[in-house]
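Each chain, written out:
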Amino acid sequence: MYKKILIFVAIFSLTACVELQDVVNSLPQGGGSILSNTDIAAGLRQALDLGIDKQVTKLTQKDGFFRNELVKIVLPEELQKVDKGLRKIGLGSLADEGLKVLNRAAEDAVKEATPIFVNAVKDITFDDAKSILLGNDKAATDYLTTKTQTELYSKFQPVINNSFTKVGADKIWRNLINKYNAIPFTNSVNPDLTDYVTGEALKGVYTMIALEEKEIRTKASSRGTDLLKKVFALQD
């Protein structure tokens with residue numbers, strides 16, 4: 001009896017997969033028209049563009065990172081001891097400023113680097129557009145991350161480095177670390193803050209794009225164009 005149940009479940013699962021694939025292959029729309037892979041890819045790119053336009057731009061505003069708990073850049077483990085050490089000797093305000101300027105550098109850098117993200121979306125060719133469409137709430141963002149993170153990092157790092165200078169983060173952290181290293185009985189630190197903030201800023205960007213993608217996938221009211229309505233109606 002148990003074997004019969006297993007066989008039934010297997011047959012049911014295979015049938016469901018075949019039916020799903022049939023849906024994926026045909027993808028009919030109103031009026032008998034068919035949405036092509038090109039249409040679907042365009043809709044997915046449009047969703048990512050909206051993520052950049054509506055959500056990533058929020059990161060470029062003052063406190064865009066610092067007051068957003070989803071993406072706020074916190075101190076890496078190595079610097080948490082710096083933070084605690086400075087507070088113990090009455091330099092809490094300097095420690096607070098050090099954390100704030102890391103987020104300020106990210107906010108400034110994202111503003112400068114937004115065209116990089118826009119171009120990255122344009123360059124994506126969704127050969128597997130349909131599987132992305134029928135994926136999870138952030139499948140397109142995950143695909144974008146996989147395909148672009150390495151390249152975007154190399155382009156984004158010098159922007160972060162320039163932003164450190166622009167917002168004064170380099171001077172603040174040089175002073176902050178020098179003061180910490182001068183505390184008796186502590187081990188000196190020399191963290192690569194540019195590398196750290198670059199990685200954290202990119203995570204923040206992808207997080208906000210994913211937020212908009214989920215909105216579009218789960219709320220029909222968030223689909224502001226005819227193409228988005230047609231494409232994402234397929235996964236409803």
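Bear in mind that the values here come from a model prediction, so they are computed numbers and not experimental data.

**Considering the overall build of the chain**
Then, in step 1: Within the chain, the secondary structure is distributed over 9 helices and 0 strands.
Then, in step 2: Reading the helices (α) and strands (β) of the chain from amino to carboxyl end gives α-α-α-α-α-α-α-α-α.
Then, in step 3: When each of the 236 residues of the chain is scored for burial, the buried share is 44%.
Then, in step 4: Pairs at least 24 apart in sequence give 81% of the contacts found in the chain among residues at least 6 apart.
Then, in step 5: Summing over all exposed atoms, the chain offers an accessible surface of approximately 13,000 Å²; the carbon and sulfur share of this is 54%.

**Let's talk about the packing of aromatic side chains**
Then, in step 1: Here the structure, examined in full by the defined rule, presents 1 aromatic pair.
Then, in step 2: Seen in terms of ring centroids, phenylalanine 117 and phenylalanine 156 are 5.7 Å apart; in terms of plane orientation they differ by 55 degrees. Their pairing is tilted. Highlighted residues: phenylalanine 117 in helix 4 (residues 92–123) and phenylalanine 156 in helix 6 (residues 139–166), separated in sequence by 39 residues. Each member of the pair, phenylalanine 117 as well as phenylalanine 156, carries the same accessibility label: buried.
Then, in step 3: Between the NZ or CZ atom of lysine 72 and the centre of the ring of phenylalanine 66, over which it lies, the distance is 4.7 Å.

**Comments concerning helix 3 (residues 77–88)**
Then, in step 1: When the terminal C-alpha atoms of helix 3 are compared, their 17 Å separation across 12 residues agrees well with the 16 Å that a helix rising 1.5 Å per residue should span.
Then, in step 2: Regarding helix 3, the residues found buried are Leu79, Val82, Asp83, Gly85 and Leu86. Around the axis of helix 3, the buried residues are gathered within 170 degrees of arc, so they sit on the same side. The exposed set on the far side of helix 3, more than 90 degrees from its buried face, consists of Glu77, Lys84 and Lys88.
Then, in step 3: On its buried face, helix 3 sits against helix 4, helix 7 (169–181) and helix 8 (193–218).
Then, in step 4: Note on helix 3: the residue one or two positions beyond its end, glycine 90, has a positive phi of about 85 degrees.

**Looking at unusual backbone geometry**
Then, in step 1: A positive phi angle is found at aspartate 63, which is not glycine, with a value near 70 degrees.
Then, in step 2: Mapped onto the secondary structure, aspartate 63 falls in the loop between helix 2 (37–59) and helix 3.
Then, in step 3: When its relative accessible area of 21% is taken as the criterion, aspartate 63 is described as partly exposed.

**A few points about the confidence of the model for the chain**
Any region with low pLDDT has predicted coordinates that should not be read closely.
Then, in step 1: Model confidence for the chain is summarised by a mean pLDDT of 82, while 86% of its residues fall at 70 or above.
Then, in step 2: Per-residue pLDDT, averaged within each element of the chain, yields its smallest value for helix 1 (residues 2–26) (37) and its largest for helix 8 (94).
Then, in step 3: For residues 1–32, every residue scores under 50 in pLDDT, and the model assigns this stretch 16 contacts once sequence neighbours within four places are set aside.

**Describing the side chain of aspartate 108**
Then, in step 1: Along the chain, aspartate 108 turns up in helix 4.
Then, in step 2: Classification of aspartate 108 by relative accessible area gives buried; the value is 10%.
Then, in step 3: If we skip the residues at most four places from it in the chain, aspartate 108 touches Ser163, Lys166 and Val167.

**Some remarks on helix 4**
Then, in step 1: In this model, helix 4 (32 residues) spans 46 Å end to end at C-alpha, consistent with the 46 Å of a helix rising 1.5 Å per residue.
Then, in step 2: Along helix 4, the helix axis deviates most sharply at alanine 113, where the bend reaches about 50 degrees; the proline proline 115 sits within four residues downstream.

Cut-offs used in this document
- Residues numbered from 1 in each chain as written.
- Predicted model: local features only at pLDDT ≥ 70, side-chain atom pairs only at ≥ 80, totals over all residues.
- Heavy atoms only, no water.
- Helix = DSSP H or I, 4+ residues; strand = E, 2+ residues; numbered from the N terminus.
- Buried < 20%, exposed > 50% of the residue type's maximum accessible area, 1.4 Å probe, protein only.
- Contact = heavy atoms within 4.5 Å.
- Areas by Shrake-Rupley, 256 points an atom, 1.4 Å probe, with all protein chains shown as cover.
- Phe/Tyr/Trp six-rings, centres within 6.5 Å; stacked < 30°, edge-to-face > 60°.
- Lys NZ or Arg CZ within 6 Å of the ring centre and 35° of its normal.
- Expected span 1.5 Å × (residues − 1).
- Arc of directions from axis to C-beta.
- pLDDT = per-residue confidence, 0-100.
- Bend = angle between axes of the 7 residues up to and from the residue.

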